[in-house]
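Chain by chain, the residues run as shown.
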Amino acid sequence: MSERYSFSLTTFSPSGKLVQIEYALAAVAAGAPSVSIKASNGVVLATEKKQKSVLYDEQSVHKVEMITKNIGMVYSGMGPDYRLLVRHARRIAQNYFLTYQEQIPTTQLVQKVAYVMQEYTQSGGVRPFGVSLLVAGWDEDRPYLFQCDPSGAYFAWKATAMGKNFINGKTFLEKRYNEDLELEDAVHTAILTLKESFEGQMTEDNIEIGLCNESGFRRLSPSEVKDYLASIA
Amino acid sequence: MAAEQFGFSGELWGNGPTPGGFYSTPGGTTTPQHGPTKHTLHPMTMGTSVLGVKFDGGVVVAADMLGSYGSLARYRNISRVMKVNNTTVLAGAGDYADYQFLKEVLDQKIIDDELLGDGHSFSPKAIFSWLTRVMYNRRTRFNPLWNQMVIGGFHAGKPFLGYVDKIGVAYEAPTIATGMGAYMAQPLLRDALEKKPNMSQSEALALLEKCLKVLFYRDARSFNKFEFAIVTEAGVEILQPRSAEANWSIAHLIKGYE
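Everything numeric here is computed off the predicted structure, so don't read it as measured data.

### Section: the overall build of chain B
Then step 1. A tally of regular secondary structure across chain B gives five helices and 13 strands.
Then step 2. In chain B, 60% of the contacts between residues at least 6 apart in sequence involve partners at least 24 apart.
Then step 3. Per element, the accessible surface of chain B, about 14700 Å² overall, is 55% carbon and sulfur.

Structure (structure tokens):
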């Protein structure tokens, strides 16, 4: 963090808006689409991972990341900002475990990560993070899904979409979501939601899916993603 | 600095002993030459043994209500047990001021956790782990909380009983006794537990009362007024202070007793 500026770069406009945060949200809205659905027995995270060239080694970089054994997250927006927040979140989780010898509850992790994001809107010389996070977790026998914004605000969702075309994505989810959805159906619905804004052919290399249920969080392997895609087509 | 206010320049007091330094006492000078004492290593008002035992469906922790000032039984109505939250209690032996300090910190911590409004509450094990880290870190900085703490709780259908002390030693056990209790009460507790591994709440209370009575007879820093804190599925209950029926009639037979 730069110590050269003692004043915040995020300042109010005359209309009462924090313009930097608005711009950060615009950066998120321009990012690759990501979708998440909370089912009755788990949470699914899905995101588009299109690379600009066939020369990219798709499997060496991941967007869906594990934070603890039972919490994972994905993003829309700027990749490098995301990497920092993943590291922060993991450190926060381990610190919690060191102090309490217990896995950090999802709600506590989200609050602490959101606090970090808020700090960057009110500290000297830094800009807000250009990502919105989708955090999926499982503790005390139930699923959790949260979104963290560049402003530091966090929301609990049943299902949501972020990034390019998120409005259409949310409309699609509103129609398809119901409380009794099971995880398998939720994965299908998530993939279909991504497909709505997908240009070209969806393959196991240009999307990523993460699942969170009672056995914990895991990112699906490409072959598992391929199976799901096959059942959609 | 006061000298400058009154228009004096230079020293206010020269060629003599430093202010307050008239006498040299063993164990340290009375002059504040090294600045204020920052790392206190001398406990003052102290509490004696704390006892704890698990029973079928919960745990009970007991401590007497005396704050000793050396050999003076100075404060005879102090509570050394506290409710942490609905699943945990903590009792403190050792320096009472350090226990009070920790109580404040822990109370505030619980409030701060409530304020997050996410329905999360600390389990007994989490409090125990937090306390261990605090005590050990203080010890490492040569500024210990001069206590032996007993944490009792009930969470996820299981009773919890743990011990943390001023040097950061921490362990869980089905019976715990600190101070004199470790020598006199622990054998009684362990024997009773071996004979009846799943004793009832009333049996556990009776056992602790017996141990407290023995300690009152033999621990010179104890007092016959104590509190029980019981944690079960239903929550925390700190009973009203009570006393044991002590029988001193055979005392005159003990050599040395007047």
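Next, the rest of the story.
### Considerations on the overall build of chain A
Then step 1. Within chain A, the regular secondary structure consists of six helices and 10 strands.
Then step 2. Rg of the C-alpha trace for chain A: 18 Å, near the compact-globule value of 17 Å for 233 residues, within the 12% margin.
Then step 3. Here the C-alpha coordinates of chain A stretch approximately 55 × 45 × 35 Å along the principal axes.
Then step 4. Scored against the burial criterion, the 233 residues of chain A give a buried share of 51%.
Then step 5. For chain A, the accessible surface area stands at approximately 11700 Å², while carbon and sulfur atoms represent 51% of it.
Then step 6. Once the 24 positive and 27 negative side-chain charges of chain A are each reduced to a mean point, those two points are 6 Å apart.

### Some details on the sheet that holds strand S7 (residues 154-156) of chain A
Residues and elements named next belong to chain A.
Then step 1. The five strands lie next to each other as S3-S4-S5-S6-S7, forming an open sheet whose pairing is antiparallel. Because the sheet does not close on itself, it has two edges, and the strands there are strand S3 (65-68) and S7. Across this sheet, the average inter-strand angle for adjacent strands is 25°, counted without regard to direction.
Then step 2. Pairing of S3 with strand S4 (residues 71-77), which is carried by three bridges, proceeds in the antiparallel orientation. Bridge pairing in S4 places glutamate 65 opposite methionine 73.

### Side note on the packing of aromatic side chains
Then step 1. Summed over all chains, the structure comprises 13 aromatic pairs over all chains.
Then step 2. With 5.3 Å between their ring centres and 65° between their planes, Phe128(B) and Phe160(B) make a pair best called edge-to-face. Linking Phe128(B) in helix H3 (residues 124-140) with Phe160(B) in strand S9 (residues 158-165), this pair joins segments that are 32 residues apart in sequence. Considered together, Phe128(B) and Phe160(B) belong to a single accessibility category, that of buried residues.
Then step 3. Grouping aromatic residues by their ring pairs yields a cluster made of Tyr96(A), Tyr100(A) and Phe122(B).
Then step 4. Here Arg142(A) stacks its cationic end above the ring of Tyr144(A), 4.0 Å away from the centre of that ring.
Then step 5. Against the face of Trp146(B) rests Lys166(B), its NZ or CZ located 5.0 Å from the ring centre.

### Overview of the UniProt feature "domain: Proteasome alpha-type subunits" (unreviewed entry) in chain A
Then step 1. On the UniProt side, "domain: Proteasome alpha-type subunits" (unreviewed entry) is annotated at positions that read residues 5-27 of chain A here.
Then step 2. Counted over residues 5-27 of chain A, helix gives 39% and strand 0%. Its end C-alpha atoms are 24 Å apart.

### A few points about a negative patch on the surface
Residue and element names in this part refer to chain A.
Then step 1. Together, Asp180, Glu182, Glu184 and Asp185 make up a region of like negative charge exposed at the surface.
Then step 2. Inspection of the secondary structure assignment puts aspartate 185 in helix H5 (residues 183-196).
Then step 3. Judged by its relative accessible area of 41%, aspartate 185 is partly exposed.

### A short note on H5(A)
Residue and element names in this part refer to chain A.
Then step 1. With 14 residues, H5 should cover 20 Å at 1.5 Å per step; its first-to-last C-alpha distance of 20 Å lies within 8% of that length.
Then step 2. Listing the buried residues of H5 in full gives Leu183, Ala186, Val187, Thr189, Ala190, Ile191, Thr193 and Leu194.
Then step 3. On its buried face, H5 sits against strand S1 (34-39), strand S2 (42-48), helix H4 (166-176), strand S9 (207-213) and helix H6 (222-232).

### Structural notes on the nonpolar core
Then step 1. Formed by 49 residues in total, the largest nonpolar core has its most connected members in Leu109(A), Leu133(A), Leu90(B) and Leu131(B).
Then step 2. In terms of residue count, the dominant contributor to this core is helix H2 (residues 79-100) of chain A (eight residues).
Then step 3. If you look at the next biggest cluster of nonpolar residues, it comprises 25 residues, including Leu183(A), Ala190(A), Leu211(A) and Leu220(A).

### Describing the packing of helix H2 (residues 96-115) of chain B against H3(B)
Residues and elements named next belong to chain B.
Then step 1. Look at H2 against H3: their axes get within 13 Å of each other, and the N-to-C directions meet at 135°. With respect to H3, the element H2 is oriented oblique. Two packed elements cross with a definite hand, and for H2 against H3 that hand is right-handed. Here Phe101, Leu102, Val105, Leu106, Lys109 and Ile110 of H2 come into contact with H3, specifically with Ile127, Trp130, Leu131 and Arg138.
Then step 2. Its residues placed into classes, the contact of H2 with H3 shows eight nonpolar, no polar and two charged.

### A look at the sheet that holds S2(A)
Residue and element names in this part refer to chain A.
Then step 1. The strand order across the open sheet built from five strands is S8-S1-S2-S9-S10, with neighbouring strands paired in antiparallel fashion. Every other strand in the sheet has two partners, leaving strand S8 (159-162) and strand S10 (216-219) as the edge strands with one partner each. Neighbour-to-neighbour, the strand axes of the sheet open up by a mean angle of 10°, direction not taken into account.
Then step 2. Both S1 and S8 contribute to a ladder of four bridges, which runs antiparallel. The partner of serine 34 across the bridge, within S8, is methionine 162.
Then step 3. The strands that H4 touches are S1 and S8; relative to S8, the one it contacts most, it runs at about 165°.

### Quick look at empty space enclosed by the protein
Residues and elements named next belong to chain A.
Then step 1. The final tally for this structure, using the stated rule, is two cavities of 30 Å³ or more.
Then step 2. Volume-wise, the largest cavity comes out at about 70 Å³.
Then step 3. Lys164, Asn165, Gly169, Thr193 and Ser197 are, among the 13 residues lining the largest cavity, the residues nearest its centre.
Then step 4. At the level of secondary structure, the elements contributing two or more residues to the lining of the largest cavity comprise S1, S8, H4 and H5.

### Brief notes about a nonpolar patch on the surface
Then step 1. The grouping of Tyr5(A), Phe7(A) and Leu9(A) at the surface amounts to a nonpolar patch, some 300 Å² of accessible area in total.
Then step 2. Mapping Tyr5(A) onto the fold places it in the segment before helix H1 (19-29).

How each quantity is defined
- Residues numbered from 1 in each chain as written.
- Chains lettered and ligands numbered in written order.
- Predicted model: local features only at pLDDT ≥ 70, side-chain atom pairs only at ≥ 80, totals over all residues.
- Heavy atoms only, no water.
- Helix = DSSP H or I, 4+ residues; strand = E, 2+ residues; numbered from the N terminus.
- Contact = heavy atoms within 4.5 Å.
- Areas by Shrake-Rupley, 256 points an atom, 1.4 Å probe, with all protein chains shown as cover.
- Rg over C-alpha atoms; globule rule 2.2 N^0.38 Å.
- Buried < 20%, exposed > 50% of the residue type's maximum accessible area, 1.4 Å probe, protein only.
- Lys, Arg positive; Asp, Glu negative; His and termini not counted.
- Charge placed at Lys NZ, Arg CZ, Asp CG, Glu CD.
- Pairing = 2+ DSSP bridges.
- Axes fitted to C-alpha atoms, helices over the stretch in contact; angles between N-to-C directions.
- Phe/Tyr/Trp six-rings, centres within 6.5 Å; stacked < 30°, edge-to-face > 60°.
- Lys NZ or Arg CZ within 6 Å of the ring centre and 35° of its normal.
- UniProt positions renumbered as here; feature names shortened; annotations may be inferred.
- Patch = residues over 30% accessible without salt bridge, like charges linked within 9 Å, V, L, I, M, F, W, Y side chains within 5 Å.
- Salt bridge = Lys/Arg side-chain N within 4 Å of Asp/Glu carboxyl O.
- Expected span 1.5 Å × (residues − 1).
- Core = buried A, V, L, I, M, F, W, Y, C linked by side-chain atoms within 4.5 Å.
- Parallel < 35°, antiparallel > 145°, perpendicular 65-115°, else oblique.
- Left-handed = near helix turned anticlockwise from the far one by under 90°.
- Nonpolar A, V, L, I, M, F, W, Y, C, P; charged D, E, K, R; others polar.
- 1 Å grid on protein atoms, 1.4 Å probe; cavity = no way out; pocket = protein on both sides within 12 Å on 5 of 7 lines; lining within 4 Å.
- Points joined across faces, edges and corners; volume = space filled by probe spheres on them.

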